[in-house]
Amino acid sequence: MNQSGASLMDFVHRRRRGAELLLLILALVVGIGAYAAVGLGVEGHVPADLVGYGGWLTALIVVAHVAIRVVAPYADPVLLPLVAALNGLGLAVIHRLDLDPTSFCSDNGTFARQQLTWMTLGVVLFVATLFLLRDHRLLQRFTYTSGLVAIALLLLPMMPLIGNTINGAKIWINVGPFSFQPGEVAKVLLVITFAGYLVLHRDALALAGRRVLFIDLPRGRDLGPLLVMFAVSMFILVFQRDLGSSLLFFGIFLVMLYVATERPGWLVVGGALFAVGAALGWQAFGHVQNRVNIWLDPMAYYDETPGSGQLVEGLFGMGWGGLIGRGFGEGDPCRIPYAESDFIVAAIGEELGLTAVMAVVVCYGLIVERALRIALISRDGFGKLLATGLGAIFALQVFVVIGGVTGLIPLTGLTTPFLSYGGSSLVANWVVIALLLRISDQARRPVPRLDPDGPSWSDSETTQVVKLK
C-alpha cells in the first residue's frame with residue numbers, strides 16, 4: 001500500500017470523539033452566544049433565561065454526544081457539531097423574530113419555545129435511532145416496505161378529516177392539536193427504498209442502450225423505475241401543489257440512480273423528463289405559472305395576491321444587511337411573511353449579513369461533503385447509496401431554498417434544514433443525521449482481522465453478508 005493509501009486508512013479508523021467534543025463546545029458558543037446577542041440587541045440586556053436555555057441546549061447536545069460515544073464510537077466527528085451550530089443559530093433567529101412586536105411577528109411569540117421542544121424530540125429520536133439500529137444494512141430488508149409506507153404517507157394529506165391545506169399546499173395532516181408534514185418522513189423512507197432497489201438492480205440499469213452524441217443512453221426497457229418516480233413527482237405537483245417536494249424527490253432518485261450506475265445517460269433522460277414536466281406544469285397549473293412569473297419579474301407582482309411581496313422584501317432585507325448585517329434588533333425582518341420558516345435565510349442576511357449567510361452555506365456544504373465521504377469509505381453498496389441519498393437530501397433542499405430566496409430559481413416552499421421553524425422537518429433531519437452517523441461508524445471501524453488465531457468476528461463484520469431475518 002502506498003503512503004497516501006496508508007494515511008487514508010489511519011484517518012478512517014480513528015475515533016475522534018475528543019475532536020467532536022471540542023467542535024461541540026464551539027457550536028454551543030455559536031448557539032448560546034447568538035441567543036445572548038438577540039437579548040442585548042432587541043431588549044438591551046442579557047436574557048434572564050440564558051442559563052436555563054443554555055443549560056437545556058447543552059444537555060441535549062451532551063446527550064447526543066454521549067450516545068455516539070457509547071454505540072457509535074467510530075462515527076464521523078464533524079456532523080453533530082455542524083448540526084448543533086445550525087440548530088442553535090436557528091433557535092436564536094426564531095427567538096429574535098418572536099421578540100419583534102411588529103407586523104407578522106406580533107401574533108406569535110412562542111415559535112422559539114416550540115422549536116426547542118421539537119429539537120428535544122429530534123434528539124430523542126436521534127439517540128433512539130443510534131441505539132436501536134446497530135447495523136444500517138438491516139434497513140435493506142425493508143426496501144419495499146419503506147416504499148409502500150412512504151407512498152401511504154404522501155397520500156395522507158389527501159384524506160378527508162385529517163388532511164390540511166396551508167397556503168394552497170396539501171402536505172399537512174392534523175394529529176390532535178398538532179400539524180404534521182408526512183412528506184418529511186417519506187423522504188427518508190424513499191431514500192432507503194431507492195438504495196435497496198438500486199443496489200440489487202444497478203448492474204441491469206447500467207447496461208448501455210443507444211449512443212447519442214458521445215453519451216450512452218439507458219435502454220428503453222430499463223426506464224420503468226425512472227418513469228414511476230417521475231409519475232410520483234408529478235402527482236405531488238398536481239394534487240398536493242407542492243413544487244418543492246416534487247423537485248426534491250425526483251432529484252434524489254436521479255442522483256442515486258446516477259451514482260449507482262455511473263451512466264450520465266440517466267441524467268440526460270431524467271433532465272429531459274424534468275424539463276417536460278416543468279413545461280407542462282407551467283402550461284396547465286396556475287400556481288406554477290404564478291411562481292415562474294414572480295421569479296422572472298418580482299417587482300411587477302409586488303402588490304398582488306398571491307404576489308411577490310415575500311420575495312421582494314427578502315431581497316430588500318438582504319440588500320440592506322450588506323456584508324456584515326444590521327445586527328440583531330437593528331433590522332426589520334418581520335416585514336417578510338413567514339420569515340421564521342421559508343425565509344429565515346433572508347432574516348439572517350438582513351441582520352447578520354452576507355458573511356453569516358455564506359457561513360451557513362459552508363456548514364451545509366460540509367454536511368454534504370461528510371455524507372459523500374461516508375459513502376466513499378463505506379464497505380457495502382447499500383451503505384454507499386444510502387449515504388449518498390441522505391446527503392442529496394441536504395444538497396437539493398438547501399439549493400432550492402436558498403436559490404428561491406435569492407431569486408436564482410422560482411420559490412418552492414421548502415424549509416431550510418435545522419434553521420427554519422417546523423417540527424416535522426427538524427425531527428426528520430435529526431434522524432437523517434443519526435443514519436449517516438451509523439453508516440460512518442460501520443465504515444470507519446478497523447478492518448476485521450481474518451487471522452484464525454485472532455478474535456472471532458461475525459459474518460456481517462468480515463463480509464457483506466447481512467442476516468436479514
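Keep in mind that what you see is a predicted model, and the values were worked out from it rather than measured.

About the criteria used
- Residues numbered from 1 in each chain as written.
- Predicted model: local features only at pLDDT ≥ 70, side-chain atom pairs only at ≥ 80, totals over all residues.
- Heavy atoms only, no water.
- Pairing = 2+ DSSP bridges.
- Helix = DSSP H or I, 4+ residues; strand = E, 2+ residues; numbered from the N terminus.
- Axes fitted to C-alpha atoms, helices over the stretch in contact; angles between N-to-C directions.
- Left-handed = near helix turned anticlockwise from the far one by under 90°.
- Contact = heavy atoms within 4.5 Å.
- Nonpolar A, V, L, I, M, F, W, Y, C, P; charged D, E, K, R; others polar.
- 1 Å grid on protein atoms, 1.4 Å probe; cavity = no way out; pocket = protein on both sides within 12 Å on 5 of 7 lines; lining within 4 Å.
- Points joined across faces, edges and corners; volume = space filled by probe spheres on them.
- Parallel < 35°, antiparallel > 145°, perpendicular 65-115°, else oblique.

Trainee: Help me understand the sheet that holds strand β2 (residues 169-175), please; the structure alone is not making it clear to me.
Mentor: Note on sheets: strands pair through backbone hydrogen bonds, and any given pair is parallel or antiparallel. An order of β1-β2-β3 is seen for the three strands of this open sheet, with the pairing classed as antiparallel. Each of the sheet's edge strands pairs with one partner strand only, and the pair in question is β1 (163-166) and β3 (178-180). Ignoring strand direction, the axes of neighbouring strands in this sheet form an average angle of 45°. Pairing geometry for β1 and β2, over three bridges, is antiparallel. Within β2, the position partnered with G163 by the bridge is I173.

Trainee: Is there a simple way to think about the packing of helix α14 (residues 381-405) against helix α15 (residues 423-444) in this case?
Mentor: To characterise two packed helices, one gives the angle between the axes of the helices and the distance between these axes. Following both chains from N to C, one finds α14 and α15 inclined at 145°, their axes separated by 10 Å at the closest point. Of the two possible hands of crossing, α14 and α15 adopt the one that is left-handed. Contacts from G383, L386, A387, L390, F394 and Q397 of α14 reach α15 at S425, N429, V432, I433, L435, L436 and I439. Of the residues contributing to the contact of α14 with α15, the split by class is nine nonpolar, four polar and no charged.

Trainee: What exactly am I supposed to notice about empty space enclosed by the protein here?
Mentor: Where empty space is left becomes clear once a probe the size of a water molecule has been rolled over the atoms. As enumerated under the stated definition, the model contains three cavities of 30 Å³ or more in all. Put simply, the largest cavity is a space of about 70 Å³. Every residue along the wall of the largest cavity is listed here: L153, L154, P157, I171, Q181, G183, E184, I236, Q240, D242, S245 and F249. Going through the elements one at a time, α6 (143-155), α7 (182-205) and α9 (243-261) are the ones with two or more residues in the lining of the largest cavity. Looking at side-chain class alone, the lining of the largest cavity contains six nonpolar, four polar and two charged residues. Lining the second largest cavity we find Q181, G183, E184, K187, S245, L248, F249 and L414. Going through the elements one at a time, α7 and α9 are the ones with two or more residues in the lining of the second largest cavity. Residues belonging to the lining of the second largest cavity are distributed by class as follows: three nonpolar, three polar and two charged.

Trainee: Where do I start with the environment of V269 in this structure?
Mentor: The topology assignment puts V269 in helix α10 (residues 264-284). As a C-alpha pair, V269 and M159 span 110 residues in sequence and 33 Å in three-dimensional space. Apart from the residues lying within four places of it in its own chain, the contact partners of V269 are L217, P218, L223 and L226.

Trainee: Looking at this structure, I do not really get the packing of helix α8 (residues 224-239) against α10. What am I missing?
Mentor: The interhelical angle for the contact between α8 and α10, taken along N-to-C directions, is 30°, at an axis separation of 11 Å. Between α8 and α10, the interaxial angle falls into the category roughly parallel. The handedness of the crossing between α8 and α10 is right-handed. Residues L226, L227, F230 and M234 of α8 form the contact with α10, whose participating residues are W266, V269, G270, L273, F274 and G277. Here the residues of the contact of α8 with α10 sort into eight nonpolar, two polar and no charged.

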